[in-house]
Amino acid sequence: KGRFYLSNSDKYESTETKLEFLLRRFGRTKLNKSTGQWERYQLAKKIRDSIVHPKNNRPMKLEVTDVNQAVKALKDYINLMSTKIYKRTPLTHA
């Protein structure tokens, strides 16, 4: 764990692993998992997983505030990659 390499394998890698790879390899930074940003990302992942893989044919009850937090998390990580990898000016949230 913590080492990245390229291969010809069709092995599935999680979004977290891909994000960690991109930030470490091209942004020269580590993914900080002790932030509110990471907690919001985990919420976004939970929402996504509940939609794509519903349990017991019961949809997850979504609150508007949860969805807003999830969208903010995704914008945060797009912004992080943009600033760290492409050296762009951070975007502001609307």
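Residues numbered from 1 in each chain as written. Predicted model: local features only at pLDDT ≥ 70, side-chain atom pairs only at ≥ 80, totals over all residues. Heavy atoms only, no water.

**A few points about the layout of surface pockets**
Quick reminder of the rule: Space inside and on the surface of the protein is sampled on a 1 Å grid over the protein atoms alone, with a cavity defined as a set of points where a 1.4 Å probe fits but cannot get out and a pocket as an open set with protein on both sides within 12 Å along at least 5 of 7 lines; lining residues have an atom within 4 Å of a point. Grid points are joined across faces, edges and corners, and a volume is the space filled by probe spheres set on the points. Numbering of helices and strands runs from the N terminus; a helix is a DSSP stretch of H or I covering at least four residues, while a strand is a stretch of E covering at least two. Any residue that is not Ala, Val, Leu, Ile, Met, Phe, Trp, Tyr, Cys, Pro, Asp, Glu, Lys or Arg is counted as polar, Gly included; the first ten are nonpolar and the last four charged.
Looking at the second largest pocket, its volume works out to about 180 Å³. If you go around the second largest pocket, the residues you meet are Thr15, Leu19, Tyr41, Ala44, Lys45, Arg48, Leu74, Tyr77, Ile78 and Met81. Where the lining of the second largest pocket is concerned, the elements lending two or more residues are α1 (15-27), α2 (36-52) and α3 (64-85). Classifying every residue of the lining of the second largest pocket by side-chain character gives seven nonpolar, one polar and two charged.

**Examining unusual backbone geometry**
Selection rule: Burial classes: relative accessible area under 20% of the type maximum marks a residue as buried, over 50% as exposed, and values in between as partly exposed (1.4 Å probe, protein chains only).
Look at Arg28: it is not a glycine, yet its phi comes out positive at around 55 degrees. Residue placement: Arg28 occurs in the loop between α1 and α2. Residue Lys87 is not a glycine yet carries a positive backbone phi of 55 degrees. Examined against the element boundaries, Lys87 turns out to sit in the segment after α3. Judged by its relative accessible area of 60%, Lys87 falls in the exposed class.

**Focus on a nonpolar patch on the surface**
As a reminder, the rule being used: Exposure above 30% relative accessible area and the lack of any salt bridge qualify a residue for a patch; like charges then connect within 9 Å, and the nonpolar side chains Val, Leu, Ile, Met, Phe, Trp and Tyr within 5 Å. Accessibility throughout is a Shrake-Rupley quantity obtained with a 1.4 Å probe, and a residue counts as covered only by protein chains that appear here. Here a salt bridge means any side-chain nitrogen of Lys or Arg lying within 4 Å of a carboxyl oxygen belonging to Asp or Glu.
There is a patch of nonpolar side chains on the surface, built from Ile51, Val52, Leu62, Val67 and Val71 and spanning about 390 Å² of accessible area. When contributions to the nonpolar patch are tallied by element, the ones reaching two or more residues are α2 and α3. Inspection of the secondary structure assignment puts Leu62 in the loop between α2 and α3. Under the relative-accessibility criterion, Leu62 is labelled partly exposed at 36%.

**Let's talk about α2**
Counted only if it meets this: By this rule, a helix spans an expected 1.5 Å times one less than how many residues it contains. Note on contacts: a residue pair qualifies if any of its non-hydrogen atoms lie within 4.5 Å across the two residues.
Given a rise of 1.5 Å per residue, 17 residues ought to cover 24 Å, and the 24 Å separating the end C-alpha atoms of α2 matches this to within 8%. For α2, every residue scored as buried is listed here: Trp38, Arg40, Tyr41, Ala44, Ile47 and Ser50. Looking at the buried side of α2, the elements it contacts are α1 and α3.

**A short note on the environment of Gly36**
Positionally, Gly36 belongs in helix α2. You can call Gly36 partly exposed: its relative accessible area is 35%. As for Gly36 and Tyr77, which are separated by 41 residues in sequence, their C-alpha atoms are 12 Å apart.

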